[in-house]
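Here is what each chain is made of, one letter per residue.
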Amino acid sequence: MKSLARLPQIDALAVDERKFVTALARGLDVLRCFGAGDGLLGNREIADRTGLPKATISRLVYTLTELGYLRYDVDVGKYALDAGVLALGYAFLGGADILTLARPHMRALAREMQSAVSLGCREGLEMVYLETIRSEAALTLGLTAGSRLSMLTSSMGRTCLAVMSPGERSATLAALRKAHPDNWEQLSAGVERAVETFQREGCCYSFREWHEGVNAVAVPVRDTRQQRWLAISCSGPASSIPEDKFRLEIGPRLKAMAARLSGHR
């Protein structure tokens, strides 16, 4: 679909071109290319990350700067995200009152298990953290609210796939296959095992698969206010928190927490 902007987060074949605003998609693509630790990016870096022509990038960053979503640093000639993006983020989080309900439970579990407990949702073909709370002893990988995770190898992403209807899961996996063609057999096998595990146990695991030093388990939680599925995970160092603890202790605790949050009890 050559007439569309580069679409890293959605399946371009599913897009209705009559309704799709390419210019808007390109502008959002520019904003998405800023990662948590990037700071300032120049036109060339933005062009490399988005695949868009430099002339298009110049117009987009000018517009986004005028609207308050980007800030231009005259001294270095580069751009950074500005307060307009933050305002959108706060508006989103402000409408998600499940976060307020979840934080005390997340904090208590993180402290008790000496782990990290995170709440996230799907964003395109990835998972994004809405909140993460760590104990002082938890393995720190620099992930914060806004960080992105693989849907295929993270326990949170696998949980998201597991709660989908068969048709939605099939379509999502088809889009993921296009994005990860090289090692698809290994990745899809991991997802298949995770879905089978979810059907038996009500949770999904990732043992040294998302990161070689991390074990994790995740469960779904229903956000009844916004009528969507979220995922809540607990992760920790594989060297100090064995798989059995996730299966026998942490997983059941997460399921009980999710049941309370889903019912807002």
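Just above sits the structure.
Quick look at the structure, then. (Residues numbered from 1 in each chain as written. Predicted model: local features only at pLDDT ≥ 70, side-chain atom pairs only at ≥ 80, totals over all residues. Heavy atoms only, no water.)

Taken together, the side chains of Val21, Leu24 and Leu28 define a hydrophobic patch exposed on the protein surface, amounting to about 270 Å² of accessible area. Tracing the backbone through its elements, the reader meets Val21 in the segment before helix H1 (22-32). (Patch = residues over 30% accessible without salt bridge, like charges linked within 9 Å, V, L, I, M, F, W, Y side chains within 5 Å. Areas by Shrake-Rupley, 256 points an atom, 1.4 Å probe, with all protein chains shown as cover. Salt bridge = Lys/Arg side-chain N within 4 Å of Asp/Glu carboxyl O. Helix = DSSP H or I, 4+ residues; strand = E, 2+ residues; numbered from the N terminus.)

Any two side chains of opposite charge can pair, on the condition that their charged atoms come close. Within the structure shown, the criterion is met by 11 salt bridges. Between Glu123 and Arg32 there is a salt bridge, with its nearest N and O atoms 3.3 Å apart. In this pair, Glu123 is assigned in strand E3 (residues 116-123) and Arg32 in helix H1, connecting sequence segments 91 residues apart. For Arg32, a relative accessible area of 36% gives the class partly exposed. Residue Glu126 pairs with Arg148 through a salt bridge whose shortest N-O separation is 3.4 Å. With Glu126 in strand E4 (residues 126-134) and Arg148 in strand E5 (residues 148-150), this residue pair connects regions lying 22 residues apart in the sequence. Glu126 sits in the partly exposed class, given a relative accessible area of 23%. By relative accessible area, Arg148 is classed as partly exposed at 35%. (Buried < 20%, exposed > 50% of the residue type's maximum accessible area, 1.4 Å probe, protein only.)

The geometry of helix H7 (residues 166-179) relative to helix H8 (residues 184-201) is characterised by a closest axis approach of 11 Å and an angle of 155° between their N-to-C directions. The orientation of H7 relative to H8 falls into the category roughly antiparallel. At the point where H7 passes H8, the crossing takes the right-handed sense. Touching Arg169, Leu173, Leu176 and Arg177 of H7 are Trp184, Val191 and Val195, all from H8. Across the contact of H7 with H8, the residue classes tally to 5 nonpolar, no polar and 2 charged. (Axes fitted to C-alpha atoms, helices over the stretch in contact; angles between N-to-C directions. Parallel < 35°, antiparallel > 145°, perpendicular 65-115°, else oblique. Left-handed = near helix turned anticlockwise from the far one by under 90°. Contact = heavy atoms within 4.5 Å. Nonpolar A, V, L, I, M, F, W, Y, C, P; charged D, E, K, R; others polar.)

Glancing now at the pairing of strand E1 (residues 70-73). Sheet topology places E1 next to strand E2 (residues 78-81); 4 bridges connect them, and they run antiparallel. Each bridged residue has a counterpart across the sheet, and for Arg71 the counterpart in E2 is Ala80. Where E1 folds back on E2, the antiparallel hairpin that results is connected by 4 residues, among which Gly77 adopts a positive phi of roughly 70°. (Pairing = 2+ DSSP bridges.)

Moving on, we get to helix H9 (residues 243-262). At Ile250, H9 is deflected by roughly 40°, the largest bend along its length, and proline Pro252 occurs up to four residues later in sequence. Listed as buried for H9 are Phe246, Ile250, Gly251, Leu254, Met257, Ala258 and Leu261. In this fold, the buried residues of H9 make contact with helix H5 (98-113), strand E6 (204-207), strand E7 (214-223) and strand E8 (228-237). (Bend = angle between axes of the 7 residues up to and from the residue.)

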